[in-house]
Amino acid sequence: MRFLAFLLLNAAMGASLFAQTIATMRPGDTFEMRLGGMPLELAQEFNAPTYSVSQEGTVNVPLIGEMRVFGLTPTQVEKLIQSKLISERLFTRPSVNITLAANTRVVTIGGGVRAPQRLAWSPDLTLRSAVDLAGGLSDWGTLKGVRIIRNGQQTSYDGRKFDKDPSLDPKLLPGDQVIVPQ
């Protein structure tokens, strides 16, 4: 029974960590949208080169208008647009596919690294890998007390522990700022 409880707890923690690594829409993000389940000539109207999330967190979708997408995952936006197309009786079975543009998702790293910069975000980007991508530690840099600023909240980590236990190495999210002490 204890073993089963242990497995359930680990599965719940894994799902929670996975959910934290999924990026949500932010102002300035761009994406492509492809629609199906409708006549091709109508789908073409939606297949603009790119859509951009405004500073207010909205996007303008043909036939629907402004929709708030800030804080939603791409999958949630797909479902929202599908629901709106059905509820407005525009289409009966639309399918929506959204692809985020990779170049709009960045993490900033500075302080005690050799090459402070903006890094392209990917779902597997961790604090330690970001330091490595920034050229490693500078002569005065240290992994003790590395800070991540996310949504205005600051968290400190002792990166020296990552080599002994890689599971402690936190995944980074788009918009994170990493500050390595000097």
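Everything that follows concerns the structure shown earlier in this document.
Residues numbered from 1 in each chain as written. Predicted model: local features only at pLDDT ≥ 70, side-chain atom pairs only at ≥ 80, totals over all residues. Heavy atoms only, no water.

**Student:** What's the story with the side chain of Asp 176 in this structure? I'm lost.
**Tutor:** You can see Asp 176 is positioned in the loop between strand E9 (153-158) and strand E10 (177-180). Classification of Asp 176 by relative accessible area gives buried; the value is 1%. Side-chain polar atoms of Asp 176 contact the backbone nitrogen of Leu 173, separated by 2.8 Å. Asp 176 has contacts with Val 106, Val 107, Thr 108, Ile 148, Ile 149 and Arg 150, leaving out every residue within four places of it along the chain. (Helix = DSSP H or I, 4+ residues; strand = E, 2+ residues; numbered from the N terminus. Buried < 20%, exposed > 50% of the residue type's maximum accessible area, 1.4 Å probe, protein only. Polar contact = N/O pair within 3.5 Å; in protein donor to acceptor, adjacent residues only side chain to side chain. Contact = heavy atoms within 4.5 Å.)

**Student:** Could you clarify how one ought to interpret the sheet that holds strand E5 (residues 95-100) in this entry?
**Tutor:** The strands making up a sheet associate through hydrogen bonds between their backbones, and the pairing can be parallel or antiparallel. Spatial strand order, E2-E1-E5: three strands in an open sheet with antiparallel pairing. Here the strands that pair on one side only, and so sit at the sheet edges, are strand E2 (51-52) and E5. As defined by bridge partners, strand E1 (residues 30-36) adjoins E5 across six bridges and the pair is classed as antiparallel. Residue Glu 32 lies in a different strand from E5, and its bridge partner there is Thr 99. This element, helix H3 (residues 74-87), spans E1 and E5 of the sheet and lies at about 150° to E5. (Pairing = 2+ DSSP bridges. Axes fitted to C-alpha atoms, helices over the stretch in contact; angles between N-to-C directions.)

**Student:** I'm lost on the pairing of strand E8 (residues 144-150) in this one. Help?
**Tutor:** Walk down a regular strand and you will see the side chains alternate between the two sheet faces. In this sheet, E9 lies alongside E8 in antiparallel orientation, the contact comprising six bridges. Residue Arg 150 lies in a different strand from E9, and its bridge partner there is Gln 153. Hairpin geometry of E8 and E9 is characterised by an intervening segment of two residues between the two adjacent antiparallel strands and by a positive phi of about 55° at Asn 151. Pairing of E8 with E10 involves three bridges; the strand directions are antiparallel. Looking at E10, one finds that Ile 148 is bridged to Val 178.

**Student:** Please explain the nonpolar core as it appears in this structure.
**Tutor:** In summary, soluble globular proteins display a tendency toward joint burial of nonpolar side chains. Phe 31, Met 33, Phe 46, Val 61, Ile 81, Leu 85 and Ile 98 are the most contacted members of the largest nonpolar core, which totals 20 residues. Sorting the residues of this core by element identifies E1, helix H2 (40-46), strand E3 (58-61), H3 and E5 as the ones contributing at least two each. Ignoring anything within four residues of it in the chain, the contact list for Val 61 reads Met 33, Phe 46, Tyr 51, Met 67 and Ile 81. Grouped together as the second largest cluster of nonpolar side chains are 18 residues, Ile 109, Leu 143, Val 146 and Ile 148 included. (Core = buried A, V, L, I, M, F, W, Y, C linked by side-chain atoms within 4.5 Å.)

**Student:** Explain the side chain of Thr 58 here, please?
**Tutor:** Along the chain, Thr 58 turns up in strand E3. Exposure remark for Thr 58: the relative accessible area of 17% places this residue in the buried category. A polar side-chain atom of Thr 58 sits 2.7 Å from a polar atom in the side chain of Glu 66. When sequence neighbours within four positions are dropped, the list of residues in contact with Thr 58 reads Ser 52, Val 53, Glu 66, Met 67, Arg 68 and Val 69.

**Student:** In this structure, what is going on with the environment of Pro 39? I would like to understand it.
**Tutor:** With respect to the helices, strands and loops of the structure, Pro 39 is situated in the loop between E1 and H2. Given the relative accessible area of 39%, Pro 39 is considered partly exposed. Sequence separation of Pro 39 and Phe 91 is 52 residues, and the distance between their C-alpha atoms is 9.7 Å.

**Student:** Looking at this structure, how should I read the packing of aromatic side chains?
**Tutor:** In this description, an aromatic ring pair is defined by two values, namely the gap between the centres and the angle between the planes. Following the criterion strictly, the structure yields one aromatic pair and no others. With centroids separated by 5.6 Å and ring planes inclined at 15°, the aromatic side chains of Phe 31 and Tyr 51 adopt a geometry described as stacked. Within this pair, whereas Phe 31 is found in strand E1, its partner Tyr 51 is found in strand E2, the two being separated by 20 residues in sequence. For the pair Phe 31 and Tyr 51, a shared accessibility class is recorded, and that class is buried. (Phe/Tyr/Trp six-rings, centres within 6.5 Å; stacked < 30°, edge-to-face > 60°.)

**Student:** In this structure, what is going on with the sheet that holds E9? I would like to understand it.
**Tutor:** With mixed pairing, five strands are arranged side by side in an open sheet as E7-E6-E10-E8-E9. Where the open sheet ends on each side, the last strands, each with one partner, are strand E7 (117-120) and E9. Averaged over all pairs of adjacent strands, the angle between their axes in this sheet comes to 25°, without regard to strand direction. Of the pairings in the sheet, the one linking strand E6 (residues 106-111) to E7 comprises four bridges and is antiparallel in character. Residue pairing in the sheet places Val 106 in a bridge with Ala 120 of E7.

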